[in-house]
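Per-entry structural report
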Amino acid sequence: MDEDSKKISDEEQKAFIKALIKSFSDVPINELTAEYIQQSLCCTKETAVILLAHVMHSRGQLREEVKDLVARNVHSLEEICSVCKTMDELDDVIKFSRLVHGDKDKGDPEEELSNEWKKIAYETFKDVPIAELRTAQVQVKLKVGYSLAVRIIDWLKTVM
């Protein structure tokens, strides 16, 4: 068998992850921890935490660390990204912080922006103060049009 035929497709990988998530659906929430997942699957702690994030999200729940970010109304994207293990968690922090802390009138620019653009925008502009960020700068750096550049800046303003 050659090496390419040993690789699993994206669809197979997604199906495997869904099966893993479902395998923990009967575990009571008070017993479901990263350590429990790590021991059950014999995986690394980092993998267990990521899987726990997916399982909790599939149940409509947040990990304690993520709840703490929402409760403290954290706006630092660096701090949020250091805690969140998935893009779903990052989106939940932003959405629930707005709901809990009353920042509802700014619209929902993050819903219009794909996760890929969020990652690219964060990595590209994480060291640039948001007050100094200009639409033209985003257009040139990311090679995007005006409307996408505006949505990127609007999203960055909600998280920085």
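Okay, so let's go over this structure. This one's a predicted model, so the numbers in the text were calculated from it and none came from an experiment.

Calculation notes
- Residues numbered from 1 in each chain as written.
- Predicted model: local features only at pLDDT ≥ 70, side-chain atom pairs only at ≥ 80, totals over all residues.
- Heavy atoms only, no water.
- Buried < 20%, exposed > 50% of the residue type's maximum accessible area, 1.4 Å probe, protein only.
- Helix = DSSP H or I, 4+ residues; strand = E, 2+ residues; numbered from the N terminus.
- Arc of directions from axis to C-beta.
- Contact = heavy atoms within 4.5 Å.
- Axes fitted to C-alpha atoms, helices over the stretch in contact; angles between N-to-C directions.
- Parallel < 35°, antiparallel > 145°, perpendicular 65-115°, else oblique.
- Nonpolar A, V, L, I, M, F, W, Y, C, P; charged D, E, K, R; others polar.
- Core = buried A, V, L, I, M, F, W, Y, C linked by side-chain atoms within 4.5 Å.
- Left-handed = near helix turned anticlockwise from the far one by under 90°.

Turning to helix H5 (residues 64-71), its buried residues number three or more, namely Val66, Leu69 and Val70. For H5, the buried positions fall inside an angular range of 100° around the axis, keeping them on one side. For H5, exposure combined with an orientation more than 90 degrees from the buried face picks out Glu64 and Ala71. In this structure, the buried residues of H5 make contact with helix H6 (77-83) and helix H7 (87-101). Trailing H5 by a residue or two, asparagine 73 shows a phi angle of about 55°, which is positive.

Contact pair helix H9 (residues 115-125) / helix H11 (residues 146-159): the axes reach a minimum separation of 10 Å and the direction vectors enclose 70°. One element, H9, and the other, H11, form an angle in the roughly perpendicular class. Facing H9, whose interface residues are Trp117, Lys118, Ala121, Tyr122 and Phe125, H11 presents Leu148, Ile152, Trp155 and Leu156. Here the contact of H9 with H11 is composed, by residue class, of eight nonpolar, no polar and one charged.

The next subject is the nonpolar core. By size, the foremost hydrophobic cluster in this structure holds 28 residues, and its most contacted members are Leu90, Val138, Ile152 and Trp155. Looking at this core element by element, the count peaks at seven residues for H11. Those residues in contact with leucine 90, other than ones at most four positions away along the chain, are Leu77, Ile80, Cys81, Cys84 and Trp155. Grouped together as the second largest cluster of nonpolar side chains are 14 residues, Val27, Leu32, Cys43 and Val55 included.

Right, let's talk about the packing of helix H10 (residues 135-142) against H11 for a bit. Relative orientation of the contacting elements H10 and H11 amounts to 110°, with a least axis distance of 9 Å. Relative to H11, the element H10 is oriented roughly perpendicular. Crossing geometry of H10 relative to H11 is assigned as right-handed. Contacts between H10 and H11 involve Thr135, Val138, Gln139 and Leu142 on the former and, on the latter, Tyr146, Ala149, Val150, Ile152 and Ile153. Taken together, the residues of the contact of H10 with H11 break down into seven nonpolar, two polar and no charged.

The values reported here are purely geometric and, on their own, carry no functional implication.
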